[in-house]
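Inside the fold
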Amino acid sequence: MNLAEWVARHGRRLADAPAIADGERVHADWQTFAARAASIAGGLRDGFGLVPGDRVAIVMTNSPEYLEALFGIWHGGYVAVPVNARLHRDEIAYIVDDSNAAVVITDTDHAGDVESLVGTLTTLKAVVVAPGERWTRLVGASQSALVAGCAADPAWLFYTSGTTGRPKGATLTHRNLLMASLSYYADIDPVSPLDCVLHAAPISHGSGLYGLPHIARGATSVIPESGGLDGAELRTLLDRWSGLSFFAAPIMVKRLAADPDTSAADLSRLKTIIYGGAPMYLADLEEALGTFGPRLAQIYGQGETPMTITALTKADQADRAHPNWREHMQSVGTIRTDIEVRVVDEDDNEVALGEIGEVVVRGDVVMAGYWNQPEASAETLRGGWLHTGDMGSFDNDGYLTLRDRSKDLIISGGMNIYPREVEEVLLRHAGVKAVSVVGRPDPEWGEAVVAFVVAGADGITPTSAELDQTCLDHIARFKRPKEYRFVDSLPTNNYGKVVKRELREQLRAEVQ
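The structure contained in this document is the topic of the report that follows. Because the structure is a prediction, the values reported are computed rather than measured. (Residues numbered from 1 in each chain as written. Predicted model: local features only at pLDDT ≥ 70, side-chain atom pairs only at ≥ 80, totals over all residues. Heavy atoms only, no water.)

A look at the pattern of salt bridges
Summed over all chains, the structure comprises 28 salt bridges. As a salt-bridge pair, R36 and E68 come within 2.8 Å of each other at their nearest N and O atoms. With a gap of 32 residues between them, R36 in helix α2 (residues 30-48) and E68 in helix α3 (residues 64-75) connect regions that are remote in the sequence. For R382, the salt bridge identified is with E379, shortest N-O distance 2.8 Å. On the accessibility criterion, R382 (28% relative accessible area) is partly exposed. Each of R440, E483, R485 and E510 takes part in a single network of salt bridges with overlapping partners. (Salt bridge = Lys/Arg side-chain N within 4 Å of Asp/Glu carboxyl O. Helix = DSSP H or I, 4+ residues; strand = E, 2+ residues; numbered from the N terminus. Buried < 20%, exposed > 50% of the residue type's maximum accessible area, 1.4 Å probe, protein only.)

Laid out in structure tokens, this is it:
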């Protein structure tokens, strides 16, 4: 099994149909897409000596070349390592090094950072900039036969930050991604070659994963020219493309719903907005439903699943007559077709309905494990169940409501930020004695990063500007705290552990 077979098959059956579009313009039909994927596979083999199983990283913002690179990697039997293009150079370096990537395919915006890694990382052989001379040679290389492989072969290393501050690569196999795609048809939407998927969010994450079931069925993948999406661009794209679906963070859904250009668009051509990655407040959801109608579907998942645990379907959201509709809308929906879900106590015993425990899942969609991290894999997958670290409870109707995030994850603008990672960077400053990072409710971003800082180490009192620069020197800009609060001490329990709950409660009280 090889997911690249989808593109090769459409290259024969749907040869002249649009496969990839750059805004309103068709970038490639399926015959061209298939030929370029086969050439990229051959070029990686002949030009760089790659063999099946080698890793190829992609560090790019959304573009037609991104999809060509992804399926070219799979066509040759290689493993794709899509990297969040918003990361800092050092964070990109860590992922490329940890995955032992042999080649990085990047764009002009990131070429400087990525090319500087050549010669500093042991396994990195070359960087290909798309578009560019090497990319032109790659897509013009001799075509490779599709490497069949097997369902258990790694396809995608999905790097997700951990509480230690070091990202872990969730190893997603071809079977994992196939099951996630089939589950989409079962629980979210059927897809046909007349439909299209709009990549308004990063292909390296949710948008890429939800693009797969569309590619599998021969739908068109559309890359917005702006690199984002507003009401005016959505209106233009709906005039060009029909049966349009896209994945978005709740903050993007909220902005689009309030945009006058959205209301002026022909929304009959809009099929589905899949949202997830952060909570959607009920008031925002009701406003979005008022604008878009019953075209919203919420998903709850993780990179380790991938993105497939529960769903709040379009039918759920349209069922306003249900006596528990408001409660359902504040949940993350019901269990997906391809997975088992339980809520368990500290001993992994299933708890009763209504009781809060850790959400654990099992099924063919669950990752094979973390790349080269057997201990972390064994801990997370103990007993054959993926332990999500999320706390939740089921109601009598089978809807799962998340109650807390035991890993202290902050989700700002749909991006995951782990406090430990930011704390470790801030502690590099000589004037920081102690620090605790938490999320503050934010009406625009969902959550904002706030750092509580105990200053005065080594007799130095840092400024907010200095702490900002320390963060910018080591981590991505979006992880930088929006506010620094200088305090005399941090709240701790009897064991000396910082009680972040008190800090979060303080911040919540201030915004009420």
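Topic: the packing of helix α10 (residues 250-258) against helix α12 (residues 282-292)
Viewed as axis vectors pointing N to C, α10 and α12 meet at an angle of 50°, and their least axial separation amounts to 9 Å. Our classification of the angle between α10 and α12 gives oblique. The two elements α10 and α12 meet at a crossing, and its hand is left-handed. Facing α10, whose interface residues are V253, K254, L256, A257 and A258, α12 presents D284, E287, A288, T291 and F292. Split by residue class, the contact of α10 with α12 holds 6 nonpolar, 1 polar and 3 charged. (Axes fitted to C-alpha atoms, helices over the stretch in contact; angles between N-to-C directions. Parallel < 35°, antiparallel > 145°, perpendicular 65-115°, else oblique. Left-handed = near helix turned anticlockwise from the far one by under 90°. Contact = heavy atoms within 4.5 Å. Nonpolar A, V, L, I, M, F, W, Y, C, P; charged D, E, K, R; others polar.)

So, the sheet that holds strand β25 (residues 483-486)
The strand order β23-β24-β25 describes an open sheet built from 3 strands, whose pairing is mixed. The open sheet has two free edges, formed respectively by β23 (432-442) and β25, since each of these has just one partner strand. Put simply, the sheet's adjacent strands are angled 25° from each other on average, direction ignored. Here strand β24 (residues 446-455) runs beside β25; their pairing, made up of 4 bridges, is parallel. Across the sheet, the residue bridging to V450 is E483, located in β25. Along the sheet face, helix α16 (residues 419-426) touches β23, β24 and β25 and points at about 145° away from the line of β23. On top of the sheet, helix α17 (residues 464-472) reaches β23, β24 and β25; it is set at about 125° to β25, its chief contact. (Pairing = 2+ DSSP bridges.)

Some details on a negative patch on the surface
Taken together, the side chains of E24, E225, D239 and D266 define an acidic patch exposed on the protein surface. Among the structural elements, D266 can be located in the loop between α11 (260-263) and β12 (270-275). A relative accessible area of 34% places D266 in the partly exposed class. (Patch = residues over 30% accessible without salt bridge, like charges linked within 9 Å, V, L, I, M, F, W, Y side chains within 5 Å. Areas by Shrake-Rupley, 256 points an atom, 1.4 Å probe, with all protein chains shown as cover. Lys, Arg positive; Asp, Glu negative; His and termini not counted. Charge placed at Lys NZ, Arg CZ, Asp CG, Glu CD.)

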